[in-house]
Amino acid sequence: MNYDEAKMKFVSTWGSLGTLWGINKAMAQIQALLFISTKPLSMEDVMEDLKISRGNTSMNLRQLMDWGIVTKEIIPGERKEYFTTEKNVQELARIIAKERSRREIQPVIKVLKEVSSITDDGTEKTRELIKQTKALHDLTETADDMIHKMATQKQNWITKSVLKFMK
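Note that the structure is a prediction, hence the values are computed from the model and not measured.

What follows deals with the sheet that holds strand E2 (residues 70-73). Reading across from one edge, E1-E3-E2 is the order of the 3 strands in this open sheet, with antiparallel pairing throughout. Looking at strand neighbours, the two that pair on one side only are strand E1 (41-42) and E2, the edges of this open sheet. Taken strand by strand, helix H2 (residues 25-36) contacts E1, E2 and strand E3 (82-85), and its axis lies near 85° from that of E3. Across the sheet, helix H4 (residues 54-67) lies against E2 and E3, angled at about 110° from E2, the strand it touches most.

This is how it looks when you write it as structure tokens:
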């Protein structure tokens, strides 16, 4: 397998995995392309390499910037906008975990707290709803606390343990 084949295989695979961490395939492919690039890429570079439209590229770059994964890079003398991504894998994992917590887990915690705090009218079904949603709330909140602790630490023992386990 040559460089171009390996590059496209990586970008394609990363694109498929992107849905597991909460982004669409094109977003993940753009991030993958930037991740392995030795220099910042312009929107046109991304469009050409991935064979995607300007609108798709623009929208997904903007969303990746909203996630805090991609940043604009200013190149003196260039009028085009250039983009780069976080290259440190651990930092990237922390950013993604923090953002997923904010976008997905925290809203669920809020709903579970609200639902589990309804007035107990004494019926079995109400008690069961309160009991189960409270248990789910507590579990979700604990998981979010763990994610938050991992996301706010610079390579702590949890990160090291997870990375060792994954090797």
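The rest of the description comes next.
Another aspect to go through is the pattern of salt bridges. Here the structure, examined in full by the defined rule, presents 8 salt bridges. A salt bridge links Lys-7 to Asp-49; the nearest nitrogen and oxygen atoms lie 3.0 Å apart. Of this pair, Lys-7 sits in helix H1 (residues 3-18) while Asp-49 is found in helix H3 (residues 43-50), placing the two residues 42 residues apart along the sequence. Classification of Asp-49 by relative accessible area gives partly exposed; the value is 26%.

What follows covers the domain arrangement of the protein chain. Interfaces are frequently sized by the accessible area removed from exposure as the parts join. Partitioning the protein chain into structural domains gives domain 1 (3-85) and domain 2 (89-165). Here the C-alpha centre of domain 2 lies 30 Å away from the C-alpha centre of domain 1. The interface is formed by 9 residues belonging to domain 1 together with 8 residues belonging to domain 2. Both faces combined, the contact of domain 1 with domain 2 buries some 770 Å², and carbon together with sulfur accounts for 70% of it. Summed over the three residues of domain 1 that lose the most area to domain 2, namely Trp-21, Phe-35 and Trp-67, the buried surface amounts to 59% of that side. Only H2 and H4 provide two or more residues apiece to the side of domain 1 that touches domain 2.

Moving on, we come to H2. Given 3.6 residues per helical turn, the α-helix brings residues three or four places apart onto the same face. Between its terminal C-alpha atoms H2 stretches 17 Å, which fits the 16 Å expected from 12 residues at 1.5 Å a residue. Most of H2 sits inside the fold, with 10 of its 12 residues counted as buried. Looking only at H2, the buried set comprises Ala-26, Met-27, Ala-28, Gln-29, Ile-30, Gln-31, Ala-32, Leu-33, Leu-34 and Phe-35. By the N-cap criterion, in which a side-chain oxygen at the helix start approaches the backbone nitrogen of a residue two or three places on, H2 is capped by Asn-24, the distance to Ala-26 being 3.0 Å.

What follows concerns the environment of Ser-101. By the element assignment, Ser-101 lies in helix H5 (residues 89-116). Sequence separation of Ser-101 and Ala-143 is 42 residues, and the distance between their C-alpha atoms is 9.7 Å. Setting aside anything within four residues of it in sequence, one finds Ser-101 in contact with Gln-106, Pro-107, Asp-144 and Ile-147. Among the polar contacts made by the side chain of Ser-101, one reaches the side chain of Asp-144 at a distance of 2.3 Å.

About the criteria used
- Residues numbered from 1 in each chain as written.
- Predicted model: local features only at pLDDT ≥ 70, side-chain atom pairs only at ≥ 80, totals over all residues.
- Heavy atoms only, no water.
- Pairing = 2+ DSSP bridges.
- Helix = DSSP H or I, 4+ residues; strand = E, 2+ residues; numbered from the N terminus.
- Contact = heavy atoms within 4.5 Å.
- Axes fitted to C-alpha atoms, helices over the stretch in contact; angles between N-to-C directions.
- Salt bridge = Lys/Arg side-chain N within 4 Å of Asp/Glu carboxyl O.
- Buried < 20%, exposed > 50% of the residue type's maximum accessible area, 1.4 Å probe, protein only.
- Domains from an automatic or database assignment.
- Buried area = accessible area lost by both parts, 1.4 Å probe.
- Expected span 1.5 Å × (residues − 1).
- Polar contact = N/O pair within 3.5 Å; in protein donor to acceptor, adjacent residues only side chain to side chain.

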